[in-house]
Amino acid sequence: MNKLHFFYHHEEEHLSKNVRHQKTEEQFFARNPGTQSVTSQYNKAVIMDEFSGLEKGWNDPDMLMVGMNGMTTQMSQTHFTMWCMMNSPLMLGLDLRRVKKGDELYNIIANKEVIALNQDELGIQAKRIKTTAKNCDANLSADKDYITDCDRIDILAKPLSDGNLAISFFNLSENEKNEKVGCDLELIKKFLGNKLPEKFYNAKKFFVKNLWSKETWAQTEGIFEVDGICGCGNVTLKICIEE
């Protein structure tokens, strides 16, 4: 699918302390919806999933700001995951001379299991199937509403070529969210329909892996949830059926 690893220009190294602080405020969050940032670009691309695909092309919300001035490790990890789930081109914008094998940045941009979501042969962009945003009927239009208020958690579901599923929980807020948020097979089927094989919806046992923490577990219920997410954080799971 060749959307991977085009290395873009490196960041400016001579920025003043005041400009660096301003970038910290603006890289991940846009106070003005018209200002480019991780969340403003995500907010536009996440509702364009039906316009993306093998025969259509890929939604490109711009280069990755992973590791650039103003981006914390957690912001960078979530940013990278968003782009992978949306099948967006992965164009790195940081100075690669700063990256050492095994360090925090390397472990983000070299996570093969997360990159595999972006490169999956099925070529289906993740669909937002639920959001906690106010003034959005999450049961009807979670995948279509253009939402600029980042005080929310989004759940994205991505069908995979092996007949399994990836789910990401994104906290777009800089504040920790402590509420339990989840989805079940009924909701997944409502939004994804035949993009997943029927055997997935009828499965009695699931094997789940957190693609960042590498934690794994088996469960018999088709309910997938988190008990809270740190500010700018994500939980990304690969869910496989056990036949």
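Residues numbered from 1 in each chain as written. Predicted model: local features only at pLDDT ≥ 70, side-chain atom pairs only at ≥ 80, totals over all residues. Heavy atoms only, no water.

Participant: Residue-level account of helix 2 (residues 38-45), with values.
Facilitator: Judged by how many residues are buried, helix 2 sits mostly within the fold: 7 of 8 residues are covered. Buried within helix 2 we find Val38, Thr39, Ser40, Gln41, Tyr42, Asn43 and Ala45. If you follow the buried residues of helix 2, they end up packed against helix 3 (73-85), strand 4 (153-159) and strand 5 (165-171). (Buried < 20%, exposed > 50% of the residue type's maximum accessible area, 1.4 Å probe, protein only. Helix = DSSP H or I, 4+ residues; strand = E, 2+ residues; numbered from the N terminus. Contact = heavy atoms within 4.5 Å.)

Participant: Now, about the sheet that holds strand 10 (residues 234-241): what can you tell me, with residues and values included?
Facilitator: Read from one edge to the other, the open sheet built from 6 strands follows the order 3-4-5-10-7-8, with strand pairing classed as antiparallel. At either end of the open sheet lies a strand with only one pairing partner, and these are strand 3 (127-131) and strand 8 (216-219). For this sheet the average axis-to-axis angle between neighbouring strands, irrespective of direction, equals 25°. Those strands touched by helix 7 (residues 185-192) are strand 3, strand 4, strand 5 and strand 7 (206-210), and its axis lies near 135° from that of strand 3. (Pairing = 2+ DSSP bridges. Axes fitted to C-alpha atoms, helices over the stretch in contact; angles between N-to-C directions.)

Participant: Can you lay out the pairing of strand 9 (residues 223-226) for me, pointing to particular residues and giving the numbers?
Facilitator: Judged by which residues are buried, strand 9 turns out to be one-sided: Phe224 and Val226 face inward and are buried, whereas Ile223 and Glu225, on the alternate face, are not. In the sheet, strand 6 (residues 181-184) pairs with strand 9 via 4 bridges, with the strands oriented antiparallel. What sits directly across from Gly182, in strand 9, is Glu225.

Participant: Break down unusual backbone geometry for me, citing the residues and quoting the values.
Facilitator: Leave glycine aside and you will find that most residues have negative phi; peptide bonds, for their part, are mostly trans. Positive phi outside glycine occurs at Asp62, with the angle close to 95°. Within the secondary structure, Asp62 is located in the loop between helix 2 and helix 3. The backbone of Asn87 sits at a positive phi, close to 60°, despite the residue not being glycine. Its location among the elements puts Asn87 in the loop between helix 3 and strand 2 (90-92).

Participant: Help me get a handle on the pattern of salt bridges, residues and values and all.
Facilitator: By the definition in use, this model includes 16 salt bridges. Across the pair Asp154 and Arg152 runs a salt bridge, and its minimum N-O distance is 2.9 Å. Here the salt bridges share partners, and the residues they tie into one network are Asp49, Glu50, Lys127, Asp143, Lys144 and Lys195. (Salt bridge = Lys/Arg side-chain N within 4 Å of Asp/Glu carboxyl O.)

What is shown is where atoms sit, not what they do.
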